[in-house]
Amino acid sequence: MNTFFRENIEAMKGYTPGEQPQRIGGWIKLNTNENPYPPSPAVCEALQNIDFKQLRLYPDPVCCELRKTIADLYGYSDKNIMLGNGSDDILTIAVRSFVPEGGYIASPNPSYSLYPVLAGIQGAECINIPLESDFSMPANFAELAKKASLIIIPRPNAPTGTAFELEKMRNICREFRGIVMIDEAYADFADDNCVKFVKEFSNVIISRTLSKSYSLAGIRLGYVIASEEIIYGMMKVKDSYNVNMLTQKIALAALHDQKYLKQSVAQIREVRKYLTDALKIRNFTVIDSQGNFIFTAPPDKDGETLYQQLKEQGILVRYFPGKATSQYIRITIGTKSEIDQLLEFL
Ligand SMILES: Cc1ncc(COP(=O)(O)O)c(C=O)c1O
């Protein structure tokens, strides 16, 4: 059939996001790693103070105030920061910036299923590098990735929750000749992170999001931390006004309330431990998680049936078909009461 699409778009499947039931209520929604607690009350105040007349104006194209605020949080300069419409936008900008048509990105397998899709859109290929059987990073990752111009590693990894050893991450950054992008969407829930790598290596970029730890998936805000030269180049690729005015104001309010962030993260880490222990007692295999979710296999290793059974009970979790993942389900850390309802069913 005649098609208007580029060949690679015609051939690819597109990304499948987790289910977002539009009927609010009735579900215990533990499938897309949203935060179960509301955002900071400062966000509510910021929303109330927005003058609707200002909506006729374009937003600040480079988000000056946000850049400065984020730079101060990590001890970088505003020239080291660029904002995006969620970290998915940051990932898209990175692929468009660093990967030529016909080129390669490399990422661990299993990891975030958007990466191969972004490669496909670019007319590039994704080298899926298998993790070890315990989902740790293979020592020869950089060697296996050497054809690529961009490596993307989520840390903590999704869907497994594993935080790859810092020294292994350093070795990859040292050995690889292209850009190493560390996707830290879940880093606020982890014991450590790689933000300082930007000072140690000229080829490292870190992406972050307000979707998870700040409970702001709905406003779409992500950012990247990198060298001034890299930010300068990536700025050329982004859409002119990629972060809207409402998002900029809300994000500023949330970022200024670090006390609330810490409380929210502490609660999630506590329930994560509670769920981990409870699953282990029930003879589930549990991968130690540093994110706001747990990757776990039931004793009969049939992830798909458990996913379906939970869905019939109104409990949505995520199931990933495929050799490395089909024994497991991924459960987002909800409130203690949501997790108790899940455990009661189990
Ligand atoms: C590893 C990883 N990176 C990035 C994202 C995208 O986050 P955002 O909402 O900022 O686009 C997700 C979302 O689930 C994720 O799991």
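Parameters at a glance
- Residues numbered from 1 in each chain as written.
- Predicted model: local features only at pLDDT ≥ 70, side-chain atom pairs only at ≥ 80, totals over all residues.
- Helix = DSSP H or I, 4+ residues; strand = E, 2+ residues; numbered from the N terminus.
- Buried ≥ 20, exposed ≤ 12 C-beta atoms within 10 Å, placed from the backbone.
- Contact = placed C-beta atoms within 7 Å.
- Pairing = 2+ DSSP bridges.
- Right-handed = clockwise from strand over helix to strand, strands pointing away.
- Axes fitted to C-alpha atoms, helices over the stretch in contact; angles between N-to-C directions.
- Parallel < 35°, antiparallel > 145°, perpendicular 65-115°, else oblique.
- Left-handed = near helix turned anticlockwise from the far one by under 90°.
- Nonpolar A, V, L, I, M, F, W, Y, C, P; charged D, E, K, R; others polar.
- Near = placed C-beta within 6 Å.
- Domains from an automatic or database assignment.

**Notes on the environment of L255**
Turning to step 1, where the next piece is worked out: Looking at the element boundaries, L255 is found in helix α10 (residues 245-256).
Turning to step 2, where the next piece is worked out: For L255, a count of 22 C-beta atoms within 10 Å gives the class buried.
Turning to step 3, where the next piece is worked out: Residues in contact with L255, not counting those within four places in the same chain, are T69, I70 and L73.

**Details of the pairing of strand β3 (residues 104-109)**
Turning to step 1, where the next piece is worked out: In this structure, β3 lies alongside strand β4 (residues 125-130), joined through 6 bridges in parallel fashion. Note on β4: the bridge partner recorded for N109 is P130.
Turning to step 2, where the next piece is worked out: In terms of handedness, the path from β3 via helix α5 (residues 114-122) over to β4 forms a crossover that is right-handed.
Turning to step 3, where the next piece is worked out: As judged from the 2 bridges shared by β3 and strand β5 (residues 150-154), these two strands associate in the parallel manner. Within β5, the position partnered with A106 by the bridge is I151.

**A few points about the packing of helix α3 (residues 64-74) against α10**
Turning to step 1, where the next piece is worked out: Two numbers describe how α3 lies on α10: the axes approach to 10 Å, and their chain directions differ by 20°. With respect to their mutual orientation, α3 and α10 come out roughly parallel. Relative to α10, α3 is oriented so that their crossing is left-handed. Counting all contacts with α3, which are made through E65, L66, T69, I70 and L73, the residues of α10 involved are Q248, A251, L252, L255 and H256.

**Thoughts on the packing of helix α4 (residues 87-98) against helix α9 (residues 228-237)**
Turning to step 1, where the next piece is worked out: At a minimum axis distance of 9 Å, the contact between α4 and α9 shows a crossing angle of 100°. With respect to their mutual orientation, α4 and α9 come out roughly perpendicular. Only G233, M234 and V237 of α9 make contact with α4, whose side of the interface consists of I93, R96 and S97.
Turning to step 2, where the next piece is worked out: When its residues are assigned to classes, the contact of α4 with α9 shows 3 nonpolar, 2 polar and 1 charged.

**Quick word on the site of the ligand**
Turning to step 1, where the next piece is worked out: G86, S87, D88, T209 and S211 are the nearest of the 13 residues found near the ligand.
Turning to step 2, where the next piece is worked out: Counted by class, the shell around the ligand contains 5 nonpolar, 6 polar and 2 charged residues.

**Side note on the domain arrangement of the protein**
Turning to step 1, where the next piece is worked out: Splitting the protein by domain gives domain 1 (18-39 + 259-345) and domain 2 (41-256).
Turning to step 2, where the next piece is worked out: Computed over C-alpha atoms, the centres of domain 1 and domain 2 are 24 Å apart.
Turning to step 3, where the next piece is worked out: Taken together, the contacts link 24 residues of domain 1 with 23 residues of domain 2.
Turning to step 4, where the next piece is worked out: Elements that contribute at least two residues to the side of domain 1 that touches domain 2 include exactly α11 (258-281) and β10 (293-297).
Turning to step 5, where the next piece is worked out: Ranked by residue count, the leading element in the side of domain 1 that touches domain 2 is α11, at 5 residues.

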